[in-house]
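# Structural overview
Take a look at the letters that make up each chain.
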Amino acid sequence: MGYYPYYARSSGFTPTSLAAGMLTHIHYAFADVTSAGEVVMANPTTDLANFADLRTLKAKYPHLKTMISVGGWSYSKYISNAAATESSRKLFAQSCVDFIVTHGFDGVDIDWEFPVSGGMAGNVHRPADRENFTLLLREVRAALDAQEQKDGRNYFLSIAGGAGSDFVRNVQLGAIANIVDYVFLMGYDMHGPWDGYADLNAPLYTPDDGSPQYTLSVQEAVNRYLTSGVSASKLVLGMPFYGYRYQVTESWNNGLYSPFTASRSVSYDTVVSQYLNVYTRFFHSTAQVPYLFNGSWFITYDDPDSIAAKTRYAKSLGLAGVGAWELSQDKSARLLSSAYRALMGG
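Predicted model, so just to flag it, every value in this text is computed and none were measured.

## Concerning a nonpolar patch on the surface
On the surface, Y340, L343 and M344 cluster together into a nonpolar patch covering about 270 Å² of accessible area. You can see M344 is positioned in the segment after α10 (334–343).

## A few points about the pattern of salt bridges
The final tally for this structure, using the stated rule, is 14 salt bridges. D303 is paired through a salt bridge with R281; the nearest N and O atoms lie 2.7 Å apart. Of the two residues, D303 sits in the loop between β13 (297–300) and α9 (304–316) while R281 sits in strand β11 (residues 280–284), which places them 22 residues apart along the sequence. Take R281: its relative accessible area is 36%, and that puts it in the partly exposed class. By sharing partners, the salt bridges in this structure join R141, D145, E148 and D181 into a single network.

## As for the pairing of β11
Summarising the sheet, β11 and strand β12 (residues 289–293) pair through 5 bridges and their orientation is antiparallel. Note that in β12 the partner of T280 across the bridge is F293. Connecting the antiparallel pair β11 and β12 is a turn made up of 4 residues, with Q288 showing a positive phi of about 65°.

## What to know about the side chain of S211
Relative to the elements of secondary structure, S211 occurs in the loop between β7 (182–186) and α7 (218–227). What S211 contacts, discounting residues up to four positions off in sequence, is D199 and Y257.

## Describing the nonpolar core
The biggest cluster of nonpolar side chains holds 84 residues, and the ones touching the most others in it are F92, I110 and L237. Residues in contact with L237, not counting those within four places in the same chain, are L185, V218, V222, K310, Y313, A314, L319, G321, V322 and G323. In this structure, M1, M186, Y242 and W325 belong to the second largest nonpolar core, which totals 29 residues.

## Concerning α9
Taking 1.5 Å of rise per residue, the 13 residues of α9 would be expected to cover 18 Å, and the 18 Å separating its terminal C-alpha atoms lies within 8% of that figure. Burial in α9 covers these residues: S306, I307, A308, A309, K310, T311, Y313 and A314. Where α9 is buried, its residues touch α7, β8 (235–240), β12, β14 (321–325) and α10. Where α9 begins, the capping side chain belongs to D303, and its oxygen is found 3.1 Å from the backbone nitrogen of D305.

## A word on helix α8 (residues 268–275)
For α8, every residue scored as buried is listed here: Y268, D269, V271, V272 and Y275. On its buried face, α8 sits against β9 (242–248), β10 (260–267), β12, β13, α9 and α10.

## A look at the sheet that holds β13
Strands pair in a sheet through their backbones, by hydrogen bonds, and they do so in one of two ways: parallel or antiparallel. In spatial order, the strands read β10-β9-β13-β12-β11; together these 5 strands make up an open sheet with antiparallel pairing. Of all strands in the sheet, those with a lone pairing partner are β10 and β11, marking the two edges. Adjacent strand axes in the sheet meet at a mean angle of 20°, parallel and antiparallel pairs treated alike. The pairing of β12 with β13 spans 3 bridges and is antiparallel. In the sheet register, L292 faces β13, and the bridge partner there is I299. With respect to the sheet, α8 is in contact with β9, β10, β12 and β13, its orientation differing from that of β10 by roughly 110°.

## A look at the packing of α9 against α10
Packing of α9 against α10 leaves a shortest axis separation of 8 Å and a crossing angle of 35°. In the packing of α9 onto α10, the handedness of the crossing is right-handed. Mapping the contact onto sequence places P304, I307, A308, T311, R312 and K315 in α9 and R334, L335, S338, A339, A342 and L343 in α10. Residues of the contact of α9 with α10, tallied by class, amount to 7 nonpolar, 2 polar and 3 charged.

Thresholds applied
- Every chain is numbered on its own, with residues counted from 1 as its sequence reads.
- In keeping with the predicted nature of the model, local features appear solely for residues at pLDDT of at least 70, side-chain atom pairs appear and are counted solely at 80 or more, and the whole-chain, interface and lining totals rest on all residues.
- Each side-chain value is worked out from all heavy atoms of the structure, with water and hydrogens disregarded.
- Patches draw on residues past 30% relative accessible area with no salt bridge. Two like charges within 9 Å are joined, as are two nonpolar side chains (Val, Leu, Ile, Met, Phe, Trp, Tyr) within 5 Å.
- Accessible surface area values rest on a Shrake-Rupley calculation with a 1.4 Å probe, where residue burial reflects the displayed protein chains alone.
- Any Lys or Arg side-chain nitrogen located within 4 Å of an Asp or Glu carboxyl oxygen qualifies as a salt bridge.
- Helix and strand definitions here come from DSSP, where helices need a minimum of 4 consecutive H or I residues and strands a minimum of 2 consecutive E residues; each element is numbered from the N-terminal end.
- Residue exposure (1.4 Å probe, protein chains only): buried if accessible area is under 20% of the type maximum, exposed if over 50%, otherwise partly exposed.
- Being paired, for any two strands, means DSSP has found at least two bridges between them.
- Contacts are assigned to residue pairs with any non-hydrogen atoms lying within 4.5 Å of each other.
- Each nonpolar core is a collection of buried residues, namely Ala, Val, Leu, Ile, Met, Phe, Trp, Tyr and Cys, held together in the definition by side-chain atoms within 4.5 Å.
- What a helix should span is 1.5 Å times the count of its residues minus one.
- For the purposes of these results, a polar contact is taken to be a pair of N or O atoms within 3.5 Å, where, inside protein, one atom must be able to donate a hydrogen and its partner to accept one; residues adjacent in sequence count only when each atom of the pair is a side-chain atom.
- For helices, the axis comes from a line fit to the C-alpha atoms of the stretch in contact; other axes are also lines fit to C-alpha atoms, and the angle between any two N-to-C directions lies between 0 and 180 degrees.
- Here a crossing is taken to be left-handed if its near helix is turned anticlockwise relative to the far helix by less than a right angle, and right-handed if that turn runs clockwise.
- In this classification, Asp, Glu, Lys and Arg are treated as charged, Ala, Val, Leu, Ile, Met, Phe, Trp, Tyr, Cys and Pro as nonpolar, and every other residue, Gly included, as polar.

Here it is as structure tokens:
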């Protein structure tokens, strides 16, 4: 599966451009939540055009399921309000159902960033978010079940979860896993511009070569979810179709673990078009991910090799599948094709 962000349309990459034959689920990012707890379109003009394209895509690929993803980094401000009381949970749940029925989606993905603490400045938080998130999901599941009885069809419910220990501590993963159809583990942003040193965005395995800051890997995050009550059959491993570019101050170790003065995210497409052929490529043998360096700039990213390795890892554990944030960063579907081939045994 993969996330399709609303803003991809502005670059000409519409939903009908997606390589849908290699996807089972598309998560549309994002819907907003009002202060009262109602799910609404975040960008109505763009959203409506994209929704129409998604319906066209589904007509061409009947196997395809589409999910409206609620929240994300930019639109999670009021999810705590939605989860806070029985009446607000019912309003939220019914608005989810109304949204997917009106716009032709197959389910809802709750991407709350984040319960209890964290996320964008200004987000509403409560200590009770941990328990309330479970209650909110139960209410949404009940509303979806009621709609299933009316429509005679299945509707899906999922969540997106952070890779770090804070998210696992601030939710009831075991209880949540019994409610949802699957959990999308955001297996990225282990490191980024918020750190003090240039580091690997999404190492499959924890590097053993002396990172000066905290260590976290995809393997560690997966194990944390599995031991917290999420069965392998309900866990989708999310992979980044982007990386980070750092202007480093030291060239030792080819920029890895160097202090830096500037950093920003960079899509895989941009890595290929602007940097891959002019920087030197390295591959971290332990972490199983590549990086680039030109003497001043360090780029951590994923490529077809690392995506295939992560997909094979997910397959070896019997996970539900793999997914991506986000599909418009790989317009030619190089990374998506690599994941697909690895899933199919290639």
